[in-house]
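Residue strings, one per chain:
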Amino acid sequence: MKADLFKNLQPPRHVLEIEKIMTIYYFEFSKDYRYTGEKHDFWELVYVDKGELEVAADEEWFKLREGDIIFHKPNEFHNLWANGVCAPNALIISFVCRSPVMSFFENKIMRLATGERELLAKVLKEAKDAFQPNLGRLYRDETRLSDPRIGAEQMMYIYLSEFLIRLIRDETTEVNQQ
């Protein structure tokens with residue numbers, strides 16, 4: 001009888017699934033930092049935690065201030081540089097996500113609210129509890145800690161997923177309620 005209760009249960013519907021977090025970096029750049037750029041087949045977000053950064057995405061360039069985030073879609077050439085005046089800090093996370101809802105983030109620059117900033121801080125903390133202190137390329141086994149905090153890697157994925165879903169909800173809920 002109990003088996004009958006569960007036979008019609010459906011798995012949860014995931015609107016967004018992060019397949020792999022490729023890199024996590026927290027950089028304290030010099031005021032004269034310049035990165036020549038790159039292009040890859042996965043997503044990358046750049047969050048300015050302190051100061052200002054100039055970024056380019058394909059042919060366009062933008063000035064990001066503290067609290068701003070930009071999303072670089074797969075195969076978009078992007079680079080960044082400091083403005084020569086203040087030394088910025090930035091969190092950069094690259095990840096594989098093929099969910100159709102990710103189109104929301106194409107060509108997107110946003111200002112984060114406190115709750116979203118806290119979620120990014122949680123992603124970073126969990127990464128530090130699972131990987132070597134300098135973080136970086138998380139897809140390499142040698143970056144994993146031999147004795148990570150239990151569930152840290154899984155929590156990293158959960159917090160990043162929650163972060164992305166909240167950004168979508170925050171913007172689409174306002175539009176739908178007007």
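Everything below is about the structure printed above this text.
Residues numbered from 1 in each chain as written. Predicted model: local features only at pLDDT ≥ 70, side-chain atom pairs only at ≥ 80, totals over all residues. Heavy atoms only, no water.

A.B. asks: Just checking my understanding: could you explain unusual backbone geometry for this structure?
C.D. replies: Negative phi values dominate among residues other than glycine, just as trans dominates among peptide bonds. One non-glycine residue, Asp58, lies in positive phi territory at about 55°. By the secondary structure assignment, Asp58 is in the loop between β4 (52-57) and β5 (60-65). Not every positive phi belongs to a glycine, and Asn75 is a case in point at roughly 65°. Looking at where Asn75 falls in the secondary structure, it is placed in the loop between β6 (68-72) and β7 (78-81). (Helix = DSSP H or I, 4+ residues; strand = E, 2+ residues; numbered from the N terminus.)

A.B. asks: For this particular structure, what's the right way to read helix α2 (residues 114-130)?
C.D. replies: Residues three or four positions apart in an α-helix share a direction because the helix packs 3.6 residues into each turn. In this model, α2 (17 residues) spans 25 Å end to end at C-alpha, consistent with the 24 Å of a helix rising 1.5 Å per residue. Those residues of α2 not exposed but buried are Glu116, Leu119, Leu120, Val123, Leu124, Glu126, Ala127, Asp129 and Ala130. (Expected span 1.5 Å × (residues − 1). Buried < 20%, exposed > 50% of the residue type's maximum accessible area, 1.4 Å probe, protein only.)

A.B. asks: Help me out: how do you make sense of the pairing of β5 in this one?
C.D. replies: The side chains of a regular strand alternate, residue by residue, between the two faces of the sheet. One ladder, built from 6 bridges, connects β4 with β5; its direction is antiparallel. Paired with Ala56 across the bridge in β5 is Trp61. From the end of β4 to the start of β5, which pair antiparallel, there are 2 residues, and Asp58 there has a positive phi angle of about 55°. (Pairing = 2+ DSSP bridges.)

A.B. asks: Looking at this model, I keep getting lost on the layout of surface pockets. Mind explaining?
C.D. replies: If a probe the size of a water molecule is rolled over the atoms, the empty space left behind becomes visible. Approximately 170 Å³ is the volume attributed to the second largest pocket. What lines the second largest pocket is Pro12, Arg13, His14, Val15, Leu16, Glu17, Ile18, Tyr157, Ser161 and Ile165. Of the residues contributing to the lining of the second largest pocket, the split by class is 6 nonpolar, 2 polar and 2 charged. (1 Å grid on protein atoms, 1.4 Å probe; cavity = no way out; pocket = protein on both sides within 12 Å on 5 of 7 lines; lining within 4 Å. Points joined across faces, edges and corners; volume = space filled by probe spheres on them. Nonpolar A, V, L, I, M, F, W, Y, C, P; charged D, E, K, R; others polar.)

A.B. asks: Could you clarify how one ought to interpret the sheet that holds strand β2 (residues 34-38) in this entry?
C.D. replies: Picture the strands of a sheet paired through backbone hydrogen bonds; they go either parallel or antiparallel. Taking strand neighbours across the sheet as the criterion, the 4 strands line up as β2-β7-β4-β5 in an open arrangement whose pairing is antiparallel. Two strands lie at the open edges of the sheet, namely β2 and β5, each paired on one side alone. On average, adjacent strands in this sheet sit at an angle of 15° to one another, irrespective of strand direction. Bridge count for β2 against β7 is 3 bridges, and the pairing is antiparallel. Bridge assignment links Tyr35 to a residue of β7, and that residue is Leu80. (Axes fitted to C-alpha atoms, helices over the stretch in contact; angles between N-to-C directions.)

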